[in-house]
2 protein chains.
Amino acid sequence: MKDRTSSSKIYLDVVESLRSMIEADSLLPGDKIPSERELSDRLNVGRSSVREALRALELLGLIETRRGEGTFIRDFQEHKLVELLGTFFLQDKKVQQDLAETKRLIEIDCLRIVAFFAKAEDIKRLVGWVKAEEFRDDDFFLRIAILNRNRLLERIWRIVNSYARTSEMVQGNVKKEDYLTLLTYLLERDEEKAIETYLIRIRNMSKDE
Amino acid sequence: MKDRTSSSKIYLDVVESLRSMIEADSLLPGDKIPSERELSDRLNVGRSSVREALRALELLGLIETRRGEGTFIRDFQEHKLVELLGTFFLQDKKVQQDLAETKRLIEIDCLRIVAFFAKAEDIKRLVGWVKAEEFRDDDFFLRIAILNRNRLLERIWRIVNSYARTSEMVQGNVKKEDYLTLLTYLLERDEEKAIETYLIRIRNMSKDE
DNA sequence: CAGGCCGCTGTGGTCTGACCACTAGATTTC
DNA sequence: GAAATCTAGTGGTCAGACCACAGCGGCCTG
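Residues numbered from 1 in each chain as written. Chains lettered and ligands numbered in written order. Predicted model: local features only at pLDDT ≥ 70, side-chain atom pairs only at ≥ 80, totals over all residues. Heavy atoms only, no water.

*Asks:* Describe in detail the protein's contact with DNA strand C, supporting the description with residues and values.
*Replies:* Near DNA strand C you find 26 residues, and of these Lys9(A), Ile10(A), Gly46(A), Ser49(A) and Glu36(B) are the closest. Counting only the atoms of DNA strand C that lie within 4 Å of the protein, the sugar and phosphate share comes to 61%. Side-chain polar atom of Ser49(A) to a phosphate oxygen of DNA strand C: 2.6 Å apart, as the coordinates give it. Glu69(A) is positioned such that a nitrogen or oxygen atom in its side chain is 3.5 Å from a phosphate oxygen of DNA strand C. Those elements that provide at least two residues to the surface near DNA strand C are helix H3 (47-59) of chain A together with helix H2 (36-42), helix H3 (47-59), strand S2 (63-66) and strand S3 (70-73) of chain B. Along the lines of polarity and charge, the residues of the surface near DNA strand C split into two nonpolar, ten polar and 14 charged. (Near = heavy atom within 4 Å. Polar contact = N/O pair within 3.5 Å; in protein donor to acceptor, adjacent residues only side chain to side chain. Helix = DSSP H or I, 4+ residues; strand = E, 2+ residues; numbered from the N terminus. Nonpolar A, V, L, I, M, F, W, Y, C, P; charged D, E, K, R; others polar.)

Structure below.
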């Protein structure tokens, strides 16, 4: 029974088993997964191996455990682990640079899509929000990323953003006015102008990245 | 000694301890960190707790363990966070569409960067390759992705591409001629024309994605 | 001396069984 | 009926036991 395909770590097998289990039962965020002891039974592995897998997934923010209750699938939202990564080994200069560039590119992609396809009413709602609330730069672009309706791209943005966050690439003082200008161009479906505003006013760059 | 700041999980404390330990000793990728038993001793926690922390960091790709040898810090470039997230929730239908779109966007981003910054000699080498070899569409864009010199973006492309591959979004018959046209525009630094060629000739789409 | 064999030690990999702390729901008690 | 209590189930942690493997040094043999 212990013929685990490869000779390698059991906890990885458990991770894989969990993955297919979740897929098979089409479990969604919020759902409960079997208890550690039951998994340990079902998969014929020690509880400690199961725990290693669960702890790893927990640190990744994929699951959430509540003592006395159980383990639950988590919505891919606020994984705080990523903050760790930043403080961990992210000192390399080149990496920082790539990170910033990639973030910019993705944000521009999102802007393009929004400029083409977003409903005017959604953009207007965003205008209202900008006027009403205090917010950080990444709050704003998170909303842009969501508007673009491409969940995968949104996810990539979130990841890149969380890495970027922890490495103090913080944007300083951007004025609401600039965001509003950007939104206005989006409403007018003027992709060119929108991106120009983004690069020059919001990211303080010259025209060619 | 067991006054762990909060009431929460020990393995997280261990992660934190490791972090500061690495920082304090300024350990770099490749360096060895203390053995599980020693950590367990030094931090006054059970070895299993240490292992939970290490396994989590390992899954994140931050460390690497070699049986019989020890645990080592790993090069951050290779982290598998993104892969994991992908394999986890990538089942539903809409995702396919997002996948294709995202791939296209990233490819366009790469093309833009190449058009601006790639050395003419590198592009010419690619021309030679196209003429000489038989290749698949993704072979070509892998080379584009590499040319762009942004390791992170390249990485994201590879991941998105591998998913796209498995879900048979294969491109049919594209003629070498089209790729050569594209490269010619890149050489001329004509971003506009290059992207137009990409969308219309290579991806068979109308101008606005 | 060179080459290889052997066993010791240290390391990660895994399992087991034992507690503890906590939660939620059933049960009892008033 | 409401409140207090008990209980079963769950995650959190630990200690100790093996195993498999890598590296090293010493010993034997040719």
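Picking up where we left off.
*Asks:* Please provide a residue-by-residue account of the protein's contact with DNA strand D, values included.
*Replies:* What surrounds DNA strand D is a group of 26 residues, the closest being Arg47(A), Lys9(B), Ile10(B), Gly46(B) and Ser49(B). Within 4 Å of the protein, the contacting atoms of DNA strand D are drawn from sugar and phosphate to the extent of 63%. Residue Gly46(B) places a main-chain N or O atom 2.8 Å away from a phosphate oxygen belonging to DNA strand D. Side-chain polar atom of Arg47(B) to a base nitrogen of DNA strand D: 3.5 Å apart, as the coordinates give it. Mapped by element, the contributors of at least two residues to the surface near DNA strand D are helix H2 (36-42), H3, strand S2 (63-66) and strand S3 (70-73) of chain A together with H3 of chain B. Looking at side-chain class alone, the surface near DNA strand D contains two nonpolar, ten polar and 14 charged residues.

*Asks:* How would you sum up the pairing of S2(B)? Please name residues and give values.
*Replies:* Residue and element names in this part refer to chain B. What you see with S2 is a clean split: Ile63 and Thr65 sit on the buried side and Glu64 and Arg66 on the side with no burial. Alignment of S2 against S3, held across four bridges, turns out to be antiparallel. Opposite Ile63, over in S3, you have Ile73 as the bridge partner. Between S2 and the antiparallel strand that follows it, S3, lie three residues; Gly68 among them carries a positive phi value of about 85 degrees. (Buried < 20%, exposed > 50% of the residue type's maximum accessible area, 1.4 Å probe, protein only. Pairing = 2+ DSSP bridges.)

*Asks:* Got a sec to walk through the environment of Ile123(A)? Specific residues and values, please.
*Replies:* Residues and elements named next belong to chain A. Relative to the helices and strands, Ile123 resides in helix H6 (residues 120-132). Ile123 gets classed as buried once you look at its relative accessible area, which sits at 0%. In sequence terms Ile123 and Arg143 are 20 residues apart; their C-alpha atoms lie 9.9 Å from each other.

The quantities given are spatial measurements derived from coordinates; they are silent on function.
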